[in-house]
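Topology and contacts: notes
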Amino acid sequence: MAFLDYEVLRLIWWTLLGVLLIGFAVMDGFDLGVGALLPFIARGDVERRLVINAIAPTWEGNQAWFILSGGAIFAAWPLLYAISFSGFYLAMFLVLAALILRPVAFKYRSKSNDPKWRARWDWALFIGGFVPTLVFGVAVGNVLQGAPFRIDTDLRATYEGSLLGLFTPFTLVCGLSSVAMLVLHGSAWLAVKIEHGPVHYRARAIGTGAAVASLVLFAIGWGFVASGNGYVAQGVVDPFGPSNPTRLTTVVEQGAWLRNYARYPWMIVAPVLGFGGTALALAGILFRREAAALVGSSLGAAGIISTVGLSMFPYILPSSIDAHSSLTVWNASSSASTLVLMLVVTLVLLPIILVYTAWAYRVMFGRVTTAQVIANVDLY
């Protein structure tokens, strides 16, 4: 791959990271959304089993996108991985603790017929869906406003924040926007996946509210970004330069995150897709076009995530206490040889994952019915 220079490789991996994060939101997002909905959307054990079995065959495979995203950050952006995973350690611990509850809840819920036993595991599934969704959104908010870290001349990073410091009005808006986005996605999935009945109609009702909330919160977040501080590189930026954040001069300016839309007008596609996809999901729910609602919620999630990445480009993790330590696409990547090797592996394995996923969903296509849940003791 000699025709791929260092700049192009960095851009490719920045794009691939975005694709993986969108894949995680779309593929595992409806699982998380359904989990967050479970105690509220289903009444009685049969209805809850109906909801659980709408995601039970696929949720484990969908988590591959989460693992792939973390692996890509570790290998392609080692400084980003080191600072974010160590600085946000307690937040990541909350996410992992909540995610650990999911497989345990799936496996143990049906081990006893005791209603209290099952109710506890239902709430465990709720925690496993709601907490990661909220924390992921809060983390995105912290990336946008900058994380409190600094890098010295020996490239040693020091994080000076705390767990409570992650939660600000802006980051909470981002967290709630994430919850609304994935609850909408989960509602749209349930509308497609389960039979018409009480749960189906509740999913549509909750999805309507979640779609409106997602539109409003995305607009509020856009307002925060427009009026808040962003980061701008000063002087000459070398896309081929070494991975050394201390070589870049960065300044903080109000509304800087929106400058890319004037510089690259095509980027406006991302926020338009965020609003438009969510509006399509709302229309699909209101007019009983379940497939359109699911497509819309997927496009909305893709647009919202793309908006964050494109607004920040070339920054991937700015520093709120030492702007000159900020990480960009150009100054925080692995070596060119590492990026080439990973690209070859990705070009081989990613199509296999996509083909297998498509095959698995095709095999398990069809609605889950109450009759199936009652008759089949092997279902959760």
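Residues numbered from 1 in each chain as written. Predicted model: local features only at pLDDT ≥ 70, side-chain atom pairs only at ≥ 80, totals over all residues. Heavy atoms only, no water.

**Considerations on the overall build of the protein chain**
Test applied: The helix and strand labels rest on DSSP assignments: H or I over at least four residues marks a helix, E over at least two residues marks a strand, and numbering proceeds from the N terminus. With the radius of gyration taken over C-alpha atoms, the globule rule is written as 2.2 Å times the number of residues to the power 0.38. Exposed residues in this analysis have more than 50% of their type's maximum accessible area, buried residues have under 20%, and partly exposed residues fall in between, with area computed by a 1.4 Å probe over protein chains only. Contact definition: two residues touch when any of their heavy atoms are within 4.5 Å. Residue-level accessible areas treat just the shown protein chains as cover; the underlying method is Shrake-Rupley with a 1.4 Å probe. Only four residue types enter the charge count, namely Lys and Arg as positive and Asp and Glu as negative; His and the chain termini do not. Taken as the charge location is NZ of Lys, CZ of Arg, CG of Asp or CD of Glu.
When helices and strands are counted, the protein chain shows 15 helices and 6 strands. A compact globule built from 380 residues would reach a C-alpha radius of gyration of about 21 Å, and the protein chain, at 21 Å, matches this within 12%. With respect to the principal axes defined by its C-alpha atoms, the protein chain has extents near 65 × 40 × 40 Å. Counting all 380 residues of the protein chain, 50% fall into the buried class. Intrachain contacts of the protein chain at a sequence separation of at least 6 include 80% that bridge at least 24 residues. By element, 70% of the accessible surface of the protein chain is carried by carbon and sulfur atoms, the whole surface being about 17100 Å². Distance between charge centres in the protein chain, computed from 23 positive and 18 negative side chains, equals 10 Å.

**Describing unusual backbone geometry**
Leaving glycine out, the prevailing phi sign among residues is negative, and the prevailing peptide bond configuration is trans. Residue P314 follows F313 across a cis peptide bond; omega there is 10°. Positive phi, close to 65°, is recorded for L155, a residue that is not glycine. For L155, the position within the fold is in the loop between β1 (149-151) and β2 (157-159). The exposure class assigned to L155 is partly exposed, which follows from its relative accessible area of 34%. Within the chain, R288 stands out as a residue other than glycine whose phi angle is a positive 60°. Along the polypeptide, R288 turns up in the loop between α12 (269-286) and α13 (290-312).

**A look at empty space enclosed by the protein**
Condition: Cavity: a set of points on a 1 Å grid over the protein atoms alone where a 1.4 Å probe fits but cannot get out. Pocket: an open set with protein on both sides within 12 Å along at least five of seven lines, its lining residues, like those of a cavity, having an atom within 4 Å of a point. Grid points are joined across faces, edges and corners, and a volume is the space filled by probe spheres set on the points. Basically, the charged four are Asp, Glu, Lys and Arg, the nonpolar ten are Ala, Val, Leu, Ile, Met, Phe, Trp, Tyr, Cys and Pro, and anything else, Gly included, counts as polar.
A full pass over the atoms with the stated rule returns 3 cavities of 30 Å³ or more. Counted as a void, the largest cavity has a volume near 70 Å³. Lining the largest cavity are D31, V34, G35, L38, V51, I52, I55, R102, F106, L125 and G129. Broken down by secondary-structure element, the contributors of at least two residues to the lining of the largest cavity are α2 (29-41), α3 (45-55), α7 (89-108) and α8 (115-145). Per element, the largest residue contribution to the lining of the largest cavity is 4 residues, and it comes from α2. Counted by class, the lining of the largest cavity contains 7 nonpolar, 2 polar and 2 charged residues. The volume enclosed by the second largest cavity comes to roughly 40 Å³. If you go around the second largest cavity, the residues you meet are F88, A91, V135, V138, A139, N142, L166 and F167. In terms of residue count, the dominant contributor to the lining of the second largest cavity is α8 (4 residues).

**Topic: the pattern of salt bridges**
Note the cut-off: Any carboxyl oxygen of Asp or Glu that lies within 4 Å of a side-chain nitrogen of Lys or Arg is treated as forming a salt bridge with it.
Considering all chains together, one arrives at 10 salt bridges under this definition. Between D152 and R156 there is a salt bridge; the shortest N-O distance is 2.9 Å. Residue D152 is classed as partly exposed on the basis of its relative accessible area, which comes to 26%. Taken together, the shared-partner salt bridges connect D45, R48, R109, R118 and D122 into one network.

**Digging into α7**
Note the following rule: Any helix carries an expected span of 1.5 Å times its number of residues minus one. This arc corresponds to the set of directions leading from the helix axis out to the C-beta atoms.
End to end, α7 covers 29 Å across 20 residues, agreeing with the expected 28 Å (1.5 Å per residue, within 8%). Of the positions making up α7, those classed as buried are A91, V95, A98, L99, R102, A105 and F106. When α7 is viewed along its axis, its buried side chains cluster within an angular range of 115° and face the same direction. The outward face of α7, more than 90 degrees from its buried face, is lined by the exposed residues Y89, F93 and I100. On its buried face, α7 is in contact with α2, α3, α4 (59-62), α5 (64-76) and α8.

Worth remembering: the numbers are spatial, not functional.
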